[in-house]
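Breakdown of the fold
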Amino acid sequence: QVQLVESGGGSVQTGGSLRLSCAASGDTYYTYCMGWFRQAPGKEREGVAFIYTGAGAYAGSVKGRFTISRDSAKNTLYLQMNSLKPEDTAMYYCAADLRGYCRGWTEGDFGYWGQGTQVTVSS
């Protein structure tokens, strides 16, 4: 079991940057799949980026702009977001799949979630 707490959201102008953090506690003694999802009002929750070991996997809409990483020593997951666009405005959620490697990219693949942090990009 893990507990996830996001931070780092805020309001920025188009073209700006933000770095989101997700602090994990509980079962942090082994490596498992973690990811970031986002949900804008009136839209479905979508997967943004995922990581287990090695390079992360990204949704096409954020490739080249967002970077997912993890610091195992600090039990923290990050999402560096650059060149932000108004379309990136959403609640961003950190999630964990304790099965190990990433089995899939849907909400149902992740059993643990943070509370979300709001990202707003103005034009």
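Refer to the structure above for everything that follows.
These numbers were taken from a predicted model, which means no experiment stands behind them.

Digging into the overall build of the chain
Across its full length, the chain carries zero helices and 11 strands. By the compact-globule yardstick of 14 Å for 123 residues, the chain fits well, its C-alpha radius of gyration being 13 Å. Counting only C-alpha atoms and orienting by the principal axes, one finds that the chain spans roughly 40 × 25 × 25 Å. Counting only residues that meet the buried cut, the chain has 43% of its 123 residues in that class. At a minimum sequence separation of 6, the contacts of the chain that also span at least 24 residues come to 60%. For the chain, the accessible surface area stands at approximately 6200 Å², while carbon and sulfur atoms represent 48% of it. Taken together, the 11 basic and 10 acidic charged side chains of the chain have centroids lying 5 Å from each other.

What about the environment of Tyr 32?
You can see Tyr 32 is positioned in the loop between β3 (18-26) and β4 (33-39). With relative accessibility at 2%, the residue Tyr 32 sits in the buried group. Along the chain, Tyr 32 and Gln 115 lie 83 residues apart, while their C-alpha atoms are 19 Å from each other. The contacts of Tyr 32, once residues within four sequence positions are left out, are Val 2, Asp 27, Ile 51, Tyr 52, Arg 70, Ala 96, Asp 97, Leu 98 and Gly 100.

Some words on the sheet that holds β3
As summarised here, the arrangement of the four strands in space is β1-β3-β8-β7, forming an open sheet in which the pairing is antiparallel. The outermost strands of the open sheet, each flanked by one partner alone, are β1 (2-7) and β7 (66-71). On average, each strand axis in the sheet is tilted by 15 degrees relative to the strand beside it, whichever way the strands run. Bridge count for β3 against strand β8 (residues 76-81) is six bridges, and the pairing is antiparallel. Paired with Leu 20 across the two strands is Leu 79, which belongs to β8.

Cut-offs and rules
Residues numbered from 1 in each chain as written. Predicted model: local features only at pLDDT ≥ 70, side-chain atom pairs only at ≥ 80, totals over all residues. Heavy atoms only, no water. Helix = DSSP H or I, 4+ residues; strand = E, 2+ residues; numbered from the N terminus. Rg over C-alpha atoms; globule rule 2.2 N^0.38 Å. Buried < 20%, exposed > 50% of the residue type's maximum accessible area, 1.4 Å probe, protein only. Contact = heavy atoms within 4.5 Å. Areas by Shrake-Rupley, 256 points an atom, 1.4 Å probe, with all protein chains shown as cover. Lys, Arg positive; Asp, Glu negative; His and termini not counted. Charge placed at Lys NZ, Arg CZ, Asp CG, Glu CD. Pairing = 2+ DSSP bridges. Axes fitted to C-alpha atoms, helices over the stretch in contact; angles between N-to-C directions.

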